[in-house]
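Each chain is listed here by its residues.
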Amino acid sequence: MKLIDIVVPCYNEEEVLPLFVSETNTVIDTISGYRFRYILVNDGSRDRTLDVMKTLASRYGNVKYISFSRNFGKESAMYAGLSASTGDYVIVMDADLQHPPAMFPQMIDGVEEGYDCCALYRAKQEGESRLRRFVSKIFFSFQNRISDVKMPEGAVDYRIMSRRMVDAILRLTEVQRFSKGIFCWVGFNTKWIEYKNVERTVGTTKWSLWGLFKYALDGITSFSVTPLRFIAVLGFVISLLSFIYIIITLIQTLIIGVEVPGYVTTLCAVLFLGGIVEMSVGILGEYIGRIYMEAKGRPIYIVSETNIDDRSDYNF
Ligand code: UDP
Ligand code: MG
């Protein structure tokens, strides 16, 4: 029988986790021919998520957990879960039931058809503010335009992947992980299916608008150097225009003589160029910061506790 690992990053999900497991179990019970195993990753929760995981693990033999020493972020949690997985297929999903387990049969059909991955995208983003939807729309179109990785709008981190695709993902060991991009970057054939977004019933979203903005920025800088090219081109264009302006001024001075007024022009030029320089330094800084963080070569996560034992993790 094929084994399917379900990797679930969890941060402060004590309320929803038991619900998640029981709801997922009812779906799993209807699917024959596969064994399922949960790999719950506790991403340094401040509530009793770990205790809940332990209780679940003692009740169900197929619940495995990994607990981090602190909050490392969802991306790191996903990496840890994928590293621990040994299944023929691996499902990645959120704990908050926004990713309905009822989609499992369709997703499994997808990979059994021969796709290496079957991923979901949101049909309608109900329960989301206009601003959020706008930001997400801009993000996806910008991301697709300037970088090598392409993904449909509304793509979420809910997917099933083949073993070889998971192994490929594990080879990307960058610390600043942007999974949406990484999933696309590794290639393989992905089948996209639509699902209806469900509103979070319990707990709260961990994303602030500023957090989303930083995430979008991460996505862009991880997979594209277009901003660097943009400032190079901008610098070139400004130099060219300045050169023309210098020639004009020189000729004017030679013909008419020195013209004293010019306060506004000078001020504008200084302020405008100052702004451009600051922006360019900022963009450079973004990339240098990323190089710095990667150059340290720190681990992606640190485990404090787990019930995964290499020898017995198949015995459930
Ligand atoms: N999550 C995590 N670490 C974090 C933030 C979130 O593991 O630092 C998990 C969280 O428990 C959930 C998933 O990532 O299972 C998605 O989080 P959330 O529902 O807050 O995001 P949204 O659905 O609003 O994008
Ligand atoms: Mg959510």
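The structure presented is a predicted model; accordingly, all values stated were derived computationally and were not measured. Positions within a chain are numbered from 1, following the residues in the order the chain's sequence is written. Each chain is given a letter, starting from A, and each ligand a number, starting from 1, according to the order in which they appear as written. Local features in this predicted model are restricted to residues of pLDDT 70 or higher, and side-chain atom pairs are both shown and tallied only at a pLDDT of 80 or more, whereas totals for entire chains, interfaces and linings draw on every residue. Calculated side-chain values reflect all of the structure's heavy atoms, with hydrogen atoms and water omitted.

1. Focus on the pairing of strand β5 (residues 117-122)
Looking down a regular strand, the side chains alternate between one sheet face and the other.
Logical step 1: Most of β5 sits out of view: 5 of its 6 residues are buried.
Logical step 2: For two strands to count as paired, DSSP must find a minimum of two bridges between them. Put simply, DSSP marks the helices as runs of H or I at least four residues long and the strands as runs of E at least two long, and each gets a number from the N terminus on. Both β5 and strand β6 (residues 155-162) contribute to a ladder of 4 bridges, which runs antiparallel. Across the sheet, the residue bridging to C117 is M161, located in β6.
Logical step 3: Relative to strand β7 (residues 190-195), β5 runs parallel, the two being bridged by 6 bridges. Opposite C117, over in β7, you have T190 as the bridge partner. Each residue is placed in one exposure class: buried if its accessible area under a 1.4 Å probe, protein chains only, is under 20% of its type's maximum, exposed if it is over 50%, and partly exposed if it falls in between.

2. Brief notes about the environment of A57
Logical step 1: Following the sequence through the fold, A57 ends up in helix α2 (residues 49-59).
Logical step 2: Note on A57: relative accessible area 17%, which makes it buried.
Logical step 3: Separated by 224 residues in sequence, A57 and V281 have C-alpha atoms that sit 50 Å apart.
Logical step 4: Any pair of residues with heavy atoms lying within 4.5 Å of one another is described as a contacting pair. Every residue in contact with A57, bar those within four places of it in the chain, is listed here: V63, Y65 and N307.

3. Structural notes on the packing of helix α1 (residues 17-29) against α2
Logical step 1: Close contact between α1 and α2 brings their axes to 10 Å; oriented N to C, the two are set at 35 degrees. Between α1 and α2, the contacting residues are L17, P18 and V21 on the first element and T49, V52, M53 and L56 on the second.
Logical step 2: Classification used: nonpolar for Ala, Val, Leu, Ile, Met, Phe, Trp, Tyr, Cys and Pro, charged for Asp, Glu, Lys and Arg, polar for all others including Gly. Tallied by class, residues from the contact of α1 with α2 come to 6 nonpolar, 1 polar and no charged. Only the contacting stretch of a helix is used when fitting its axis, a line to C-alpha atoms as for every element, and angles between N-to-C directions run 0 to 180 degrees.

4. Focus: helix α3 (residues 74-84)
Logical step 1: Counting buried positions over the 11 residues of α3 gives 9, a clear majority of the element.
Logical step 2: Those residues of α3 lying buried are E75, S76, A77, M78, Y79, A80, G81, L82 and A84.

5. Some details on the pattern of salt bridges
Logical step 1: Between Lys or Arg on one side and Asp or Glu on the other, a salt bridge is scored when a side-chain nitrogen of the former is within 4 Å of a carboxyl oxygen of the latter. Applying the stated rule across the entire model yields 9 salt bridges.
Logical step 2: The residue E112 makes a salt bridge to K2 at a minimum N-O spacing of 3.2 Å. Taken together, the residues span a long stretch of sequence, with E112 in helix α4 (residues 104-112) and K2 in strand β1 (residues 2-10) at a distance of 110 residues.
Logical step 3: Residue K2 is classed as partly exposed on the basis of its relative accessible area of 31%.
Logical step 4: Linking R37 and D5 is a salt bridge whose minimum nitrogen-to-oxygen distance equals 2.6 Å. Here R37, found in strand β2 (residues 34-42), pairs with D5, found in strand β1; they are 32 residues apart in sequence, far enough to count as distant. The same class applies to R37 as to D5, namely buried.
Logical step 5: Via salt bridges that share partners, K74, D94 and D157 belong to a single interconnected network.

6. A word on the nonpolar core
Grouped burial of nonpolar side chains is what soluble globular proteins tend to show.
Logical step 1: What we call a nonpolar core is a set of buried Ala, Val, Leu, Ile, Met, Phe, Trp, Tyr and Cys residues that are connected through their side-chain atoms within 4.5 Å. In this structure, F104 and M107 are the most contacted members of the largest nonpolar core, which totals 39 residues.
Logical step 2: When near neighbours in sequence (up to four residues on either side) are disregarded, M107 contacts I91, C118, L120, Y158, R159, I160 and I193.
Logical step 3: Core analysis: the second largest hydrophobic core is formed by 36 residues, M78, C117, A168 and A216 among them.

7. Concerning the packing of α3 against helix α6 (residues 163-170)
Logical step 1: One can describe the packing of α3 onto α6 by two numbers: an axis separation of 10 Å at closest approach and a directional angle of 130 degrees. It follows from the interaxial angle that α3 and α6 lie oblique. Between α3 and α6 lies a crossing of left-handed hand. Residue-level inspection shows Y79, L82 and S83 of α3 in contact with α6, the latter providing R163, V166, I169 and L170.
Logical step 2: Along the lines of polarity and charge, the residues of the contact of α3 with α6 split into 5 nonpolar, 1 polar and 1 charged. Here the angle decides the label: under 35 degrees means roughly parallel, over 145 means roughly antiparallel, 65 to 115 means roughly perpendicular, and every other value means oblique. Left-handed is the label given to a crossing in which the near helix is rotated counterclockwise from the far helix by less than a right angle, and right-handed is the label when the rotation is clockwise.

8. Re the side chain of R177
Logical step 1: Checked against the element boundaries, R177 lands in the loop between α6 and α7 (179-185).
Logical step 2: The convention is simple: Lys and Arg are positive, Asp and Glu are negative, and His and the chain ends are not counted. Despite its burial, R177 remains without a salt bridge, the nearest opposite charge being carried by E174 at 5.2 Å.
Logical step 3: The definition of a polar contact used here is a pair of N or O atoms within 3.5 Å, where within protein one atom must be able to donate a hydrogen and the other to accept one, and adjacent residues in sequence count solely through side-chain atom pairs. Within polar-contact distance, the side chain of R177 engages the backbone oxygen of L172 at 2.5 Å.
Logical step 4: The residues touching R177, leaving out its near neighbours within four places in the chain, are E75, Y79, I169, L172, I182 and I300.

9. Some points on the confidence of the model for the protein
Logical step 1: When pLDDT is averaged across the protein, the result is 85; 92% of the residues are at 70 or more.
Logical step 2: When mean pLDDT is compared element by element in the protein, strand β4 (residues 89-92) scores highest at 96, while helix α5 (residues 130-146) scores lowest at 75. Each residue carries a pLDDT value, the predictor's own confidence for that position, ranging from 0 to 100.

10. Some remarks on the side chain of D5
Logical step 1: Accessibility expressed as a relative area gives 0% for D5, which makes it buried.
Logical step 2: There is a polar contact of 2.6 Å between the side chain of D5 and the side chain of R37.
Logical step 3: Not counting residues up to four positions away in its chain, the partners in contact with D5 are R37, I39, S85, T86, G87, Y89, V90 and I91.

11. Examining the sheet that holds β2
Logical step 1: Here 8 strands make up an open sheet; going across it, the order is β7-β5-β6-β4-β1-β2-β3-β8 and the pairing mixed. One side of each edge strand has no neighbouring strand; the edge strands of this open sheet are β7 and β8 (303-306). Each adjacent strand pair in this sheet contributes to an overall mean axis angle of 20 degrees, direction not counted.
Logical step 2: Bridge analysis of β1 against β4 gives 4 bridges, and the strand direction is parallel. Residue pairing for β4: I6 is matched across the bridge by I91.
Logical step 3: Sitting on the sheet, α2 is in contact with β1, β2, β3 (63-68) and β8, with an inclination near 160 degrees to β3.
Logical step 4: Sitting on the sheet, α6 is in contact with β4, β5 and β6, with an inclination near 120 degrees to β6.

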